[in-house]
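Spelled out, the chains give:
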Amino acid sequence: YDPATNAWTARAAMPTARADLVLLAHNGRLYAIGGNNGAPLGVVEEYNPATNTWRTLSAMPTPRIAARGAVVNGKLYVIGGYNASTALGTVE
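Residues numbered from 1 in each chain as written. Predicted model: local features only at pLDDT ≥ 70, side-chain atom pairs only at ≥ 80, totals over all residues. Heavy atoms only, no water.

(A) Just the environment of proline 63, in detail. Tracing the sequence through the fold places proline 63 in the loop between β4 (53-57) and β5 (68-72). Residue classification places proline 63 among the partly exposed residues on the basis of a relative accessible area of 33%. C-alpha of proline 63 to C-alpha of asparagine 36: the two residues are 27 residues apart in sequence and 8.9 Å apart in space. Residues within four places of proline 63 in sequence aside, it is in contact with Pro40, Leu41, Gly42, Tyr82, Asn83 and Leu88. (Helix = DSSP H or I, 4+ residues; strand = E, 2+ residues; numbered from the N terminus. Buried < 20%, exposed > 50% of the residue type's maximum accessible area, 1.4 Å probe, protein only. Contact = heavy atoms within 4.5 Å.)

(B) Structural detail: the environment of asparagine 36. Position of asparagine 36 relative to the elements: it lies in the loop between β2 (29-33) and β3 (44-48). By relative accessible area, which is 23% here, asparagine 36 ends up partly exposed. Along the sequence, asparagine 36 and methionine 60 sit 24 residues apart, while their C-alpha atoms lie 14 Å from each other. Aside from chain neighbours lying at most four places away, what touches asparagine 36 is Arg18, Ala19, Asp20, Leu41 and Ile65. Here alanine 39 takes part through its backbone nitrogen, which lies 3.1 Å from a polar atom of the side chain of asparagine 36. (Polar contact = N/O pair within 3.5 Å; in protein donor to acceptor, adjacent residues only side chain to side chain.)

(C) Quick peek at the side chain of histidine 26. Within the fold, histidine 26 resides in strand β1 (residues 22-26). At 3.2 Å, the side chain of histidine 26 forms a polar contact with the side chain of asparagine 27.

(D) Layout of a nonpolar patch on the surface. A surface patch of nonpolar side chains, amounting to about 320 Å² of accessible area, comprises Val72, Tyr77, Ile79 and Val91. Tracing the sequence through the fold places valine 72 in strand β5. According to the relative accessible area criterion, valine 72 is partly exposed, its value standing at 41%. (Patch = residues over 30% accessible without salt bridge, like charges linked within 9 Å, V, L, I, M, F, W, Y side chains within 5 Å. Areas by Shrake-Rupley, 256 points an atom, 1.4 Å probe, with all protein chains shown as cover. Salt bridge = Lys/Arg side-chain N within 4 Å of Asp/Glu carboxyl O.)

(E) A look at the nonpolar core. Within the largest apolar cluster, eight residues are counted, these being Val22, Leu24, Tyr31, Ile33, Val44, Met60, Ala67 and Val78. Looking at this core, the elements that each hand over two or more residues are β1 and β2. In this structure tyrosine 31 touches Val22, Leu23, Leu24, His26, Glu45, Glu46, Leu57 and Leu76, once residues within four positions along its chain are discounted. (Core = buried A, V, L, I, M, F, W, Y, C linked by side-chain atoms within 4.5 Å.)

(F) Looking closely at the packing of aromatic side chains. On inspection of all chains with the given rule, the structure shows two aromatic pairs. For the ring pair tyrosine 1 and tryptophan 8, a centre distance of 4.9 Å and an interplane angle of 45° mean the geometry is tilted. (Phe/Tyr/Trp six-rings, centres within 6.5 Å; stacked < 30°, edge-to-face > 60°.)

(G) A look at unusual backbone geometry. Residues other than glycine seldom take positive phi values, yet asparagine 6 does so here, at roughly 55°. Residue classification places asparagine 6 among the exposed positions, given a relative accessible area of 57%. With a phi angle near 55°, aspartate 20 is a residue other than glycine that sits in the positive phi range. Residue position: aspartate 20 is located in the segment before β1. Classification of aspartate 20 as partly exposed rests on a relative accessible area of 43%.

Distances and angles like these do not, on their own, reveal function.
What follows is the structure, encoded as structure tokens:
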């Protein structure tokens, strides 16, 4: 979305369709982490808007749905969320 023109432009599709993910911005890139596509996911994908490309990074050890995230001192953190049925109290 470009606020100056009030217009949307389609970009490259995220490789893994999902809901309930964490989306973080860091150093000009977007990170789509975890989520749900019928099951909890540990997948991590990075989007580079300058090249309009996605790449798959190392997966999280614990698949998560509806977690929260933050960037602190240049590191991405994913906090809590759920596996298929249990609340998670861990940070990755």
